[in-house]
Amino acid sequence: MASNKILASAAKSASYNMVLQIMFRMMTFVLNAFVLRYISKEMLGVVNVRLTLLYSTILFVSREAFRRACLSQGSRQQWQQVINLLWCTFPLGILCGSIMGYMWVTFLEQPDPNTVPHYSLAVVVFASSAILELLAEPMWVLGQAMLFVKLKVIVEGLAIAGRCFLTVILVLTAPHLGIVGFCIAQLFYTLIYLGLYYTYFMWYVKNFGKKDEDFPIKSPSDFFPGQIQGQAWTSEELTKLTWSFFKQGFLKQLLTEGERYVMTFFDVLSFGDQGIYDVINNLGSLAARFIFQPIEESGYLFFAQTLKRGVPVKDQPKSHLPPPCQA
């Protein structure tokens, strides 16, 4: 049954995501413990709290609602409309990045230039990194919808590992770069992320696009916006669903990153204290990151792929329901 296949894929996805989260948290903790010997805690606070918050906020506002809406089962009826909508994340990211980058440079407290030089450059780089990452959104959503469960873990795992290793190399060999070294490593992460997604899907389309009947992309040009003859540029239903998720997402982001927003906008801790807090927080959030986040993501993927929105359970197609619901 289709629902059993999706359930198995969702379970695998949860397992792989747990592995990814464990690797990410462990590498981040080891990296922080290592670089703290060579850089100031103020610089660590600026990078891991102030700049990472800018990066994560731009990504969340620009893509989270689109991801959730486009993974819903109904959105798979016309993939070109889905692709068109997903490309709206890029101009939205430019808008968010410009506004938030200006706020980070103009309205927030600036670190001491003698301790953390080139702060404005770092803001531009981290904002640009987030914007560039949005270029892979059609591939990310397609990979999740087609149940390529290992792809996300491999791509993000290699990108994270590359960023960590490059950061260590730059801290050891070029400590005079300071925060610029972290900027280079962040851009390196983005290039790996984009390169792997585009390389994999271009290879897959070339070799299996026409053979795989379930795969909706038959040509590399299908990954980019295009007009559908006789149809709207994108689905009105999908647009409304995206807007609904967009409004709900702000509360989730505040709950997820609330302490970082407080530290950033209200100056309750110095940059040095923020750096120490982040190191400790990486240990304190292990259970939530390792267990609950992968289960949440995989659970959403499963139900979004098997159930139709706005339809009561009794009216859902029996073949789409998981075994417990069929009883």
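Cut-offs applied
Residues numbered from 1 in each chain as written. Predicted model: local features only at pLDDT ≥ 70, side-chain atom pairs only at ≥ 80, totals over all residues. Heavy atoms only, no water. Helix = DSSP H or I, 4+ residues; strand = E, 2+ residues; numbered from the N terminus. Buried < 20%, exposed > 50% of the residue type's maximum accessible area, 1.4 Å probe, protein only. Contact = heavy atoms within 4.5 Å. Areas by Shrake-Rupley, 256 points an atom, 1.4 Å probe, with all protein chains shown as cover. Phe/Tyr/Trp six-rings, centres within 6.5 Å; stacked < 30°, edge-to-face > 60°. Lys NZ or Arg CZ within 6 Å of the ring centre and 35° of its normal. Salt bridge = Lys/Arg side-chain N within 4 Å of Asp/Glu carboxyl O. Core = buried A, V, L, I, M, F, W, Y, C linked by side-chain atoms within 4.5 Å. Polar contact = N/O pair within 3.5 Å; in protein donor to acceptor, adjacent residues only side chain to side chain. Axes fitted to C-alpha atoms, helices over the stretch in contact; angles between N-to-C directions. Parallel < 35°, antiparallel > 145°, perpendicular 65-115°, else oblique. Left-handed = near helix turned anticlockwise from the far one by under 90°. Nonpolar A, V, L, I, M, F, W, Y, C, P; charged D, E, K, R; others polar.

### Regarding the overall build of the protein
Helix and strand content of the protein: 12 helices and 0 strands. Listing every helix and strand of the protein by position from the N terminus yields α-α-α-α-α-α-α-α-α-α-α-α. Across the 327 residues in the protein, those meeting the buried criterion constitute 51%. Look at the contacts in the protein between residues 6 or more apart in sequence, and 82% of them connect residues 24 or more apart. Split by element, the accessible area of the protein, about 15800 Å² in all, is 67% carbon and sulfur.

### Observations concerning the packing of aromatic side chains
Throughout the structure, instances matching the rule amount to 21 aromatic pairs. A centroid spacing of 6.3 Å and a plane angle of 10° characterise the contact between Phe 148 and Phe 215, whose relative ring orientation is stacked. One end of the pair, Phe 148, is in the loop between α6 (137–145) and α7 (149–173); the other, Phe 215, is in the loop between α8 (179–208) and α9 (236–266), and 67 residues separate them in sequence. For the pair formed by Phe 148 and Phe 215, the shared burial category is buried. With a centroid separation of 6.3 Å and an interplanar angle of 20°, the aromatic rings of Tyr 261 and Phe 265 are classed as stacked. Of this pair, Tyr 261 and Phe 265 both sit in helix α9, separated by 4 residues, roughly a single helical turn. The buried category is assigned to Tyr 261, whose relative accessible area is 12%. The class of Phe 265 is partly exposed, set by a relative accessible area of 34%. Each member of the aromatic cluster is reached from another via a ring pair, and the members are Phe 148, Tyr 200, Phe 201, Trp 203, Tyr 204, Phe 208, Phe 215 and Phe 223. A cation over an aromatic ring shows up here: Arg 163 above the ring of Tyr 189, its NZ or CZ 4.5 Å from the ring centre.

### Quick word on the environment of Glu 237
Looking at the element boundaries, Glu 237 is found in helix α9. Glu 237 sits in the exposed class, given a relative accessible area of 63%. C-alpha of Glu 237 to C-alpha of Ala 69: the two residues are 168 residues apart in sequence and 9.7 Å apart in space.

### Some words on the pattern of salt bridges
Tallying each qualifying case throughout the model produces 8 salt bridges. Measuring nitrogen to oxygen at the nearest pair gives 3.1 Å for the salt bridge that ties Glu 64 to Arg 68. Of the two residues, Glu 64 and Arg 68 both sit in helix α2 (residues 41–70), 4 residues apart, roughly one turn of that helix. Both residues of the pair, Glu 64 and Arg 68, belong to the buried class.

### So, the nonpolar core
Counting 76 residues, the largest nonpolar core has Leu 51, Tyr 197, Phe 201 and Phe 215 as the members making the most contacts within it. No other element matches α2, which puts 15 residues into this core. Look past the residues within four positions of Phe 201 in its chain and what remains in contact with it is Met 139, Leu 142, Gly 143, Phe 148, Leu 151, Phe 215 and Phe 223.

### Some thoughts on the side chain of Glu 133
Structurally, Glu 133 can be placed in helix α5 (residues 119–133). Of the polar contacts made by the side chain of Glu 133, one reaches the side chain of Tyr 55; its length is 2.4 Å.

### A closer look at the packing of α2 against helix α4 (residues 89–106)
Their axes nearest at 9 Å, the elements α2 and α4 cross at an angle of 150°. In terms of axis orientation, α2 runs roughly antiparallel to α4. Crossing of α2 against α4: the hand is right-handed. When α2 is examined against α4, the residues Arg 50, Leu 53, Leu 54, Thr 57, Ile 58, Val 61, Ser 62, Arg 63 and Phe 66 are found in contact with a partner set consisting of Thr 89, Leu 92, Gly 93, Cys 96, Gly 97, Met 100, Gly 101 and Trp 104. Classifying every residue of the contact of α2 with α4 gives 9 nonpolar, 6 polar and 2 charged.

### Looking at the side chain of Thr 57
Note that Thr 57 resides in helix α2. The exposure class of Thr 57 is buried, given its relative accessible area of 6%. Every residue in contact with Thr 57, bar those within four places of it in the chain, is listed here: Met 100, Gln 253 and Tyr 261.

### With respect to unusual backbone geometry
With a phi close to 65°, His 118 is a non-glycine residue in the positive phi region. One can find His 118 in the loop between α4 and α5.

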